[in-house]
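Here is how the chains run, residue by residue.
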Amino acid sequence: MVFGIYYHYRNLRWRLCYKLAWRILLFLLFISHTASGQIRYSIPEEMKKGSLIGNVAQDLGLDLKRLRSGRARIVTGENIQYTELKTDKGILVVNEKIDREQLCGDVTPCSFSFEVILESPMELHPVKILIQDQNDNAPQVLYPVQTGGSLVAEMVPRSADVGYLVTKVVAVDVDSGQNAWLSYKLQKATDRALFEVGLQNGEIRTIRQVTDKDAVKQRLTVVVEDNGQPSRSATVNVNVAVADSFPEVLSEFTDFTHDKEYNDNLTFYLVLALAVVSFLFITCLVVIISVKIYRWRQSRVLYHSSLPVIPYYPPRYSDTLGTGTLPHVYNYEVCRTTDSRKSDCKFGRAGSQNVLIMDPSSTGTMQRIQSEKSILDEPDSPIEVS
């Protein structure tokens, strides 16, 4: 185990020494070739993949054989994924679209560097790429905030003089240089003779005295444009209330955006409720039809079945006796002839009128209960009782 630790430590030490020596060699080569071998290119941002940046072989005075034999490649660059070296043609092309704002942010000028290295013998040629800004971003309005749920208005008293500062439109552009220069213009207004917008600063001021005849509700539309080619713009709406008191503003400025949102929500809930009720109705209807069909199919199966049907008849009398000569209650019927010269038989009344019941108090005798009109009382009865 001790030998393994020592062996691992020895390999790690040699690896660190090798990396350090390689870095020192690259640094010495960089110093020796900085004055004569450095090249610089300037390209616009958002170039398509495969676009030509420059001819490295021609600019460095190298032929294609040297690039191939020296296995020329790009090294020691943090953003080398944006470029690719074609050694068969000796050119440098765009490998990935470059967004200046994403690469450098607010830093100007925007650039990145890397080195082209060749072997046998070792050569190192620094390359610097400058990224030119393009007008690919529109201005962004920071104030007044455009909210969809409520109405924001600036208040101007009726006693305001000429040049009264109502508000200021604040916007930014993430582009650089002249592409980020912004100008402000009043596109339309409720009363164009009452307000003006500063061309460079975006300040909205009154250009005349406010009178009692001016409407309380004023709406201005301001356009913000940059100085790019072609220019890009953004639009902002500014609401102004000409009033001396807050209650007067409330009476005129109704929150119509809130009402619209409320109506939209109400419509949504109504549609949702209708959909739920319809779904429940259809579900119940399908369940009822399914149950009906299932019962009908079961009845058809039983009807066409060849198995015998054994009816079940519940007992009419229960066993209440535990001892005696007759352990159960019996039901019997009496059959008699209507005439001695005829063979027809006539059945008696229901068996419930002639029942033999065991007397629990006796040991072996049976008590016979007869109905009000027993067949034994009739004169034509063939049965005699002794």
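Residues numbered from 1 in each chain as written. Predicted model: local features only at pLDDT ≥ 70, side-chain atom pairs only at ≥ 80, totals over all residues. Heavy atoms only, no water.

Colleague: Looking at this model, I keep getting lost on the state of the cysteines. Mind explaining?
Modeller: Covalently bonding the sulfur atom of one cysteine to the sulfur atom of another cysteine gives a disulfide. Under the defined criterion, the tally for this structure stands at one disulfide. With its sulfur 1.9 Å from that of its partner, C104 forms a disulfide with C110. On the S-S bond that ties C104 to C110, the torsion sits near 70°, and the link is right-handed. On the accessibility criterion, C104 (18% relative accessible area) is buried. (Disulfide = S-S within 2.5 Å. Buried < 20%, exposed > 50% of the residue type's maximum accessible area, 1.4 Å probe, protein only.)

Colleague: Quick question: what am I supposed to make of the sheet that holds strand β12 (residues 182–189) here?
Modeller: Think of a sheet as strands paired side by side through backbone hydrogen bonds, with each pair either parallel or antiparallel. The strand order β9-β16-β15-β12 describes an open sheet built from four strands, whose pairing is mixed. Two strands close off the open sheet at either side, each with one partner strand: β9 (153–156) and β12. Taken over all neighbouring pairs, the strand axes of this sheet differ in orientation by 35° on average, direction set aside. Summarising the sheet, strand β15 (residues 217–226) and strand β16 (residues 233–242) pair through nine bridges and their orientation is antiparallel. Note that in β16 the partner of T221 across the bridge is N237. (Pairing = 2+ DSSP bridges. Helix = DSSP H or I, 4+ residues; strand = E, 2+ residues; numbered from the N terminus. Axes fitted to C-alpha atoms, helices over the stretch in contact; angles between N-to-C directions.)

Colleague: It is not clear to me how the packing of aromatic side chains should be interpreted in this structure. Could you clarify?
Modeller: Each aromatic ring pair is summarised here by two numbers: the centre-to-centre distance and the angle between the ring planes. For the structure on display, the rule yields three aromatic pairs. Connected via pairs of aromatic rings, a cluster forms that spans Y82, F112 and F114. (Phe/Tyr/Trp six-rings, centres within 6.5 Å; stacked < 30°, edge-to-face > 60°.)

Colleague: What is the right way to read the nonpolar core from this model?
Modeller: Soluble globular proteins tend to pack their nonpolar side chains together in the buried interior. If you look at the biggest cluster of nonpolar residues, it comprises 26 residues, and the most contacted ones within it are Y41, L92, F114, V127 and I129. When residues of this core are traced back to their parent elements, those giving at least two are β1 (39–44), α2 (56–60), β5 (91–94), β6 (110–118) and β7 (123–132). In terms of residue count, β6 provides more of this core than any other element does, five residues in total. Core analysis: the second largest hydrophobic core is formed by 20 residues, L182, Y184, I204 and V224 among them. (Core = buried A, V, L, I, M, F, W, Y, C linked by side-chain atoms within 4.5 Å.)

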